[in-house]
Each structure stands twice: as C-alpha cells, then as structure tokens.
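Coordinate inspection notes
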Amino acid sequence: MGLLAKVAGVVLAISFMTFVAFFGRLPALRHTPVAWLHRAIWVYIPNGILALDRALTGGRIVSSAGTFGHYVWYGRHPTVLIFYVLLLSVGEILYLPGAWPRLSRSHQIAGAISIILPYVFLYLAAFGDPGVITPETHTHYMSLYPYDFTIFHPGQECRSCHLLKPPRSKHCAVCKRCVARLDHHCVFINNCVGYGNQHWFLLLLLSTALLTTYGGVLGLRMIAESARARSSIFSLWKHPKQSWHHYFILFGFGIQADVGVGSVTLLAVMTAPLVWGLLGYHAYLIYCGTTTNESMKWQDWQAEMDDGFAFRRRLPIPRKRHPRFEASWTRWPVEPAQVLVRTEDGEPPSDTSPPGEGSWERVWHLRDIENIYDIGFWDNLIDVFVPNYSFRAESQSDLERGKRRPKKTKS
C-alpha cells in the first residue's frame, strides 16, 4: 500500500503540474482556478523569490537561474523532445517484459502498431517543415488565405525576417523564423506547429492518446488478474460486499505483483486524460476555424470590445486588391466582408479613413464578427490534413461574400 501511494502521488503530481503548465494560459481557462495556479507558479511565487534574492544577493542567483530557465523552456533545443522519447521508451521497457507474454496474439499485433505510430508521427512532426516562410516560398504562402481585415491586415512586415506577413502567419520567437498558419511552438517536438506539419502533430496526439489509453486498460486488466489471485471477489469495479480498505489492499497487491506493469499503468491512466484533453482542444480549434495563436488574438479583440474601442464597417464587393501587399488570387473560398479596427480614445475613426466604406459601427461581441477562416468543420479538417488543397480553381472569379462553390479541385 505504501508503494502504491508513493507511485500514485508522484504520477499525479507530475500530471497535474504538466496540465497547469501547458493549459494554464489557454483563453478558455483564463478565469478559472487553473489560470490562477498557473500565475501563482509562474508569476507570484517567482516574484516573491526574486524580491528575497534581491535583498540577499542583489538578484544574482535569480538572474542566473532565470537565464538558464529561459533557455531550457524557450530556447530551441531537444531537451524536452529527448525527455518525451525517454518517457515513452523507458515506460515500454518497464511495461512490456511483464505484459507481453500475457497478451493474446491480436493484442500483441495491436500493441505493436500502437507503440510504433507515436514514434513515426513524432519524427514527421519534429523534423518536417512547419511552413517556414522564405523569399522562395513567400508567394506560395501569400496565396493560401486572404487577409481577414480583423486580426490579419495587409501591408504588415516582419521586423525580423523583413518579409510581408502572409495571412495567418506569425514570427516564432523561439525558432527565429516566420511560419505559415502558426499554431504554437511545441517544446515536445522542438519545432513549430504550423501549416506544413499540424496534421502530423495531431496524429501524434491521437496515437499517443490511444497508446496510453490502450496500455492503461490492458494494465488495469492485468493488475485485476493479479489481485484476483489473492481474492476471487476482487474486480476493478468495487464489489458492494467489499470494503474500500480491502479493495485498495488488493489493488496494491496487484501492482506489486509486477511493479513495472503496475507503475506504468498508473502513469498511462493518469496522463491519458491530459493527452485527450489537448487533442480535444485542438479539435475544437479546428471546429472553430482558428489556431492557438489566433484564439489569443480573438480574446484580445474581446477585451477591446469590452472597453468600447472596437469598430467595424463593410468592405466593398468586389474589392480591388493592392498588388504590392496582397495576392491577386487565393485558394480560399471566402472573401472578407468587413474591416475591424480599434481606436485609442474610444471614438470611431473618420468615415473617410480607408479601408472600407460606410459608417463605422461600434462592436461589443465577437459573435458579431465573421471569421472567414471558418468554412465548416469538414472543410476546416481538409485544410489541416490536406495541405495545398484548393477550394476553388484559379480561373474562377472571386466568390461572393460568405459563399463557397461546391466544386473543389486539388492543386
């Protein structure tokens, strides 16, 4: 029972801290205890330590530790990637010797596939091109999406790369390069997640979620079998005639029968929900036609709207594109219908200020703004999993506002 409590406590602590570290900044959790704990761990407590260090050493210890921590967390190096590979491989080394002989042939085949796939997708996501924008690829990425005149406006130049920013792109401060449809920089793959490799990243999440779930379920079954060797009444779902004390004693015996299988099973059971949660979050982003980076920009716009500083008006249809700042044609089936701007004083801009036409209207809610990058869940999914898929032929004229042609061609 002591071993069970220690293993479960360590695994639970690691899982919870991982959840807080990676999910605490999500806009969906901004006003929850998870966000508060994230700020406490990464802001309040470090500030307290900094104040103490300044009083004792003039800040030298925290400065050195901060430089090292910034490099570890935000520098481009394979430390976390190696840790992730070791976590998978060491867990399998501990788990398989005791579990493999007890598996049927079908489970051995399914297990082998589930073990191999995460490594395959990890390699493709980590070493594939996420969509790096260079002078040679700039024209191609400019033609993927139109500017929405809301969170992406034409004519903006990256101050580091000195290239016009294509729609939905962002400069990665870790990789020091602009990436097309950047979602985020992932330390687990030591690479950006962008237009070129997001599908591999999602398949990595899916295969890892399936692996941890499958291994956890099989491990629990083997733990139950070992526990039933002590008492035939034991089952994973506690028997009504069995006390909780007796149940946990037998469960501990089941783990101690093979500590490798038992400890890795607990790790798999406790980490699987985290992986499924991250996969579900990215599936939700695809459903909404947005990315992690864009979702934060939308939240910033909501803050401007709450303050009354956001205004919109319609864009002319058809709209003349600026040949210097916009692509003459994009594969995207929807064109922007409105322009959204903010003002410093909360007063609407002049009606003569470009772009757009008509009077400016104050906006209070995000639901009143059209996201032109959301074209329906299945088409959003195609956009992610079929790079360079064209939703309209180049010979076709610009589409009407908010409408898509049923015919689709693949470039």
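Residues numbered from 1 in each chain as written. Predicted model: local features only at pLDDT ≥ 70, side-chain atom pairs only at ≥ 80, totals over all residues. Heavy atoms only, no water.

1. Looking at the confidence of the model for the protein chain
In plain terms, the rule: The predictor attaches a confidence to each residue, and that confidence, scored 0 to 100, is pLDDT. By definition, any uninterrupted DSSP run of H or I lasting at least four residues is a helix, any uninterrupted run of E lasting at least two residues is a strand, and each is numbered from the N terminus. Any pair of residues with heavy atoms lying within 4.5 Å of one another is described as a contacting pair.
Averaged over all residues, the pLDDT of the protein chain equals 85, while 89% of them reach at least 70. Mean pLDDT across the elements of the protein chain bottoms out in strand 9 (residues 409–410) (41) and peaks in helix 5 (residues 105–127) (96). Confidence drops under pLDDT 50 across residues 395–411; counting only partners more than four residues distant or on other chains, this segment forms 38 contacts.

2. Some points on helix 9 (residues 259–288)
Heads up, the condition is: Each helix should span, by expectation, one fewer than its residue count multiplied by 1.5 Å. Fitting one axis to the seven residues ending at a residue and another to the seven starting there, the bend at that residue is the angle between the two axes. Polar contacts, as counted here, are pairs of nitrogen or oxygen atoms within 3.5 Å of one another; within protein the pair requires one atom able to donate a hydrogen and one able to accept it, and residues that are adjacent in sequence qualify only if both atoms are side-chain atoms.
Spanning 30 residues, helix 9 covers 44 Å between terminal C-alpha atoms, matching the ideal 44 Å at 1.5 Å per step. At Thr 271, helix 9 is deflected by roughly 30 degrees, the largest bend along its length, and proline Pro 273 occurs up to four residues later in sequence. A side-chain oxygen of the first residue of helix 9 lies 3.2 Å from the backbone nitrogen of Gly 260; this N-cap is Asp 258.

3. Brief notes about the nonpolar core
Here is the rule: Among the buried residues, those of types Ala, Val, Leu, Ile, Met, Phe, Trp, Tyr and Cys that are joined through side-chain atoms within 4.5 Å form a nonpolar core. Burial status follows relative accessibility: with a 1.4 Å probe on protein chains alone, a residue under 20% of its type maximum counts as buried, one over 50% as exposed, and anything between as partly exposed.
Of all hydrophobic cores here, the largest spans 34 residues; its most connected members are Met 305, Trp 332 and Leu 340. Going through the elements one at a time, helix 6 (138–142), helix 10 (292–307), strand 5 (310–314) and strand 6 (338–342) are the ones with two or more residues in this core. Leave out the neighbours within four places in its chain, and Met 305 touches Ala 310, Leu 340, Val 363, Trp 364, His 365, Leu 366 and Ile 369. The next biggest cluster of nonpolar side chains, apart from the first, holds 21 residues, and it includes Leu 81, Tyr 84, Leu 122 and Leu 279.

4. Concerning the pattern of salt bridges
For the record, the criterion: For salt bridges, the criterion is a side-chain nitrogen of Lys or Arg within 4 Å of an Asp or Glu carboxyl oxygen.
Here the structure, examined in full by the defined rule, presents 10 salt bridges. Measuring nitrogen to oxygen at the nearest pair gives 3.2 Å for the salt bridge that ties Arg 181 to Asp 383. Of this pair, Arg 181 sits in the loop between strand 2 (177–179) and strand 3 (184–186) while Asp 383 sits in helix 11 (residues 377–385), and the two are 202 residues apart along the sequence. Under the relative-accessibility criterion, Asp 383 is labelled buried at 3%. A cluster of three or more residues bridged by salt bridges with shared partners is formed by Arg 181, Arg 331 and Asp 383.

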